[in-house]
Amino acid sequence: MFSGSVNEPVDQSGWLAPDLLNTEHWVPNTVMLPYLNLGPLGLPTGPLVYLLGLWLSLFAVDRAARRLGLEPEGYYSLASVALLSGFIGARLSFVLLHWSSYDDNLLGVVWPINSGYNAFGGVIIAAAAIFFYGRWRRLPPWPALDALAPGFLVFLITVALADFLAGASYGSLTSMPWGINVFGVRRHAVQLYEALAGVAALGAWWAAASPRFYDTAGRPFLIATAVYAAARLFVDAYRENATLVSGFHVAQVVSLTVLIATLIVLARRSPVPTSTRD
């Protein structure tokens, strides 16, 4: 998969050439804010941003359901179940994958909870919860996905912002003026790029969900998913700490697969009258 590197003075070790790393050019990292100091109290910004993101995600689902002309109560409950299940699933998946670190410290399974999550496990558990809870509440699947999409995107945006503040991920080296200084070297702000990808997908959802264009249930979800996947396909090319398999960026492969699958489903879903939406 392609890479987003720019022609920059980089030595063979992968770091910026010495002329950009001397003391004249060294700038202390002023971007990351892992802790918010309130007098003697230091609060980690990551969990605070996540809590804010959870609230905003549920608010977005409520507003989305109303915009689509749906009863918001059922979809708000569905989103709450998905978020709680995803949180528990991500934590338990991480614990199971690193059980040797917890078998003699069972308290560590539940505390501290500010680190140690497996995103893939959380997504799988959340998807299962959405499926079974939706069937139990008899919520139609495509409208449910339409209503949940903004909440999911808002949560992805807050995750990107939390990573930006905590420095959990970082971009490749760059000399572009919009780069940010991370430990004295200029890098692509991939976390902010991810947040912008989420904002673009939200804009696409909002347009697709307008009364003028909302002629088929599922289209807002599919359009927003396609926009986000396409954006991540390019954004992850600039990620320095990307997971690679045989030289391919795993995130880019997933994004490309999701994009193709979404476009195929979108093309096959022909508009139907409003009264016959599923």
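Residues numbered from 1 in each chain as written. Predicted model: local features only at pLDDT ≥ 70, side-chain atom pairs only at ≥ 80, totals over all residues. Heavy atoms only, no water.

Novice: Describe in detail the overall build of the protein, supporting the description with residues and values.
Specialist: A count of helices and strands for the protein gives eight helices and six strands. Counting from the amino terminus, helix and strand elements in the protein follow one another as α-β-β-α-α-α-α-β-β-α-α-β-β-α. Relative to its full complement of 278 residues, the protein shows a buried share of 39%. A sequence separation of at least 24 residues applies to 69% of the contacts in the protein between residues at least 6 apart. Here the protein displays about 15,800 Å² of accessible surface, and carbon together with sulfur accounts for 68% of that area. (Helix = DSSP H or I, 4+ residues; strand = E, 2+ residues; numbered from the N terminus. Buried < 20%, exposed > 50% of the residue type's maximum accessible area, 1.4 Å probe, protein only. Contact = heavy atoms within 4.5 Å. Areas by Shrake-Rupley, 256 points an atom, 1.4 Å probe, with all protein chains shown as cover.)

Novice: Could you give an account of the pairing of strand E2 (residues 41-44), with specific residues and numbers?
Specialist: Pairing of strand E1 (residues 35-38) with E2, which is carried by four bridges, proceeds in the antiparallel orientation. Counted as the bridge partner of Leu36 is Leu43 from E2. Following E1, the chain reverses through two residues before pairing antiparallel with E2; Gly39 in that reversal takes a positive phi of roughly 65°. (Pairing = 2+ DSSP bridges.)

Novice: So what's going on with the nonpolar core? Which residues, and what values?
Specialist: Side chains of a nonpolar character, in soluble globular proteins, are inclined to be buried together. Grouped together as the largest cluster of nonpolar side chains are 23 residues, with contacts concentrated most on Leu68, Tyr75, Leu78 and Trp205. Contributing elements (two or more residues each) for this core: helix H2 (45-67), helix H3 (72-97), helix H5 (141-166), helix H6 (190-208) and helix H7 (219-235). The biggest single contributor to this core is H5, with five residues. Contact partners of Tyr75, with chain neighbours within four places excluded, come to Val61, Ala65, Leu70, Leu139, Pro140, Pro143, Ala144, Ala147 and Leu148. (Core = buried A, V, L, I, M, F, W, Y, C linked by side-chain atoms within 4.5 Å.)

Novice: Would you mind going over a nonpolar patch on the surface in detail, with residue names and values included?
Specialist: A contiguous nonpolar surface patch, about 520 Å² in accessible area, is contributed by Leu33, Leu36, Leu38, Leu41, Leu48 and Leu51. Of all elements in the fold, only E1 and H2 reach the threshold of two or more residues within the nonpolar patch. Note on placement: Leu51 falls in helix H2. The exposed category is assigned to Leu51, whose relative accessible area is 56%. (Patch = residues over 30% accessible without salt bridge, like charges linked within 9 Å, V, L, I, M, F, W, Y side chains within 5 Å. Salt bridge = Lys/Arg side-chain N within 4 Å of Asp/Glu carboxyl O.)

Novice: Let's hear about the packing of aromatic side chains: which residues, and what values?
Specialist: For the coordinates displayed, the defined rule picks out seven aromatic pairs. On the numbers, 6.5 Å between centres and 85° between planes, the contact of Tyr193 with Tyr238 is edge-to-face. Of this pair, Tyr193 sits in helix H6 while Tyr238 sits in the loop between H7 and strand E5 (244-245), and the two are 45 residues apart along the sequence. Residue classification places Tyr238 among the partly exposed residues on the basis of a relative accessible area of 27%. We note Arg91 situated over the ring of Tyr117; from NZ or CZ to the ring centre the distance is 5.7 Å. (Phe/Tyr/Trp six-rings, centres within 6.5 Å; stacked < 30°, edge-to-face > 60°. Lys NZ or Arg CZ within 6 Å of the ring centre and 35° of its normal.)

Novice: Explain the pattern of salt bridges to me, and be specific about the residues and the numbers.
Specialist: This model, assessed by the stated rule, comprises seven salt bridges. Residue Glu73 pairs with Arg137 through a salt bridge whose shortest N-O separation is 2.9 Å. With Glu73 in helix H3 and Arg137 in helix H4 (residues 119-137), this residue pair connects regions lying 64 residues apart in the sequence. Judged by relative accessible area, which is 44%, Glu73 ranks as partly exposed. Residue class for Arg137 comes out partly exposed when judged on its relative accessible area of 28%. Measuring nitrogen to oxygen at the nearest pair gives 2.7 Å for the salt bridge that ties Arg232 to Asp236. Accessibility assignment for this pair places Arg232 and Asp236 in one class, buried. Each of Glu194, Arg232, Asp236 and Arg239 takes part in a single network of salt bridges with overlapping partners.

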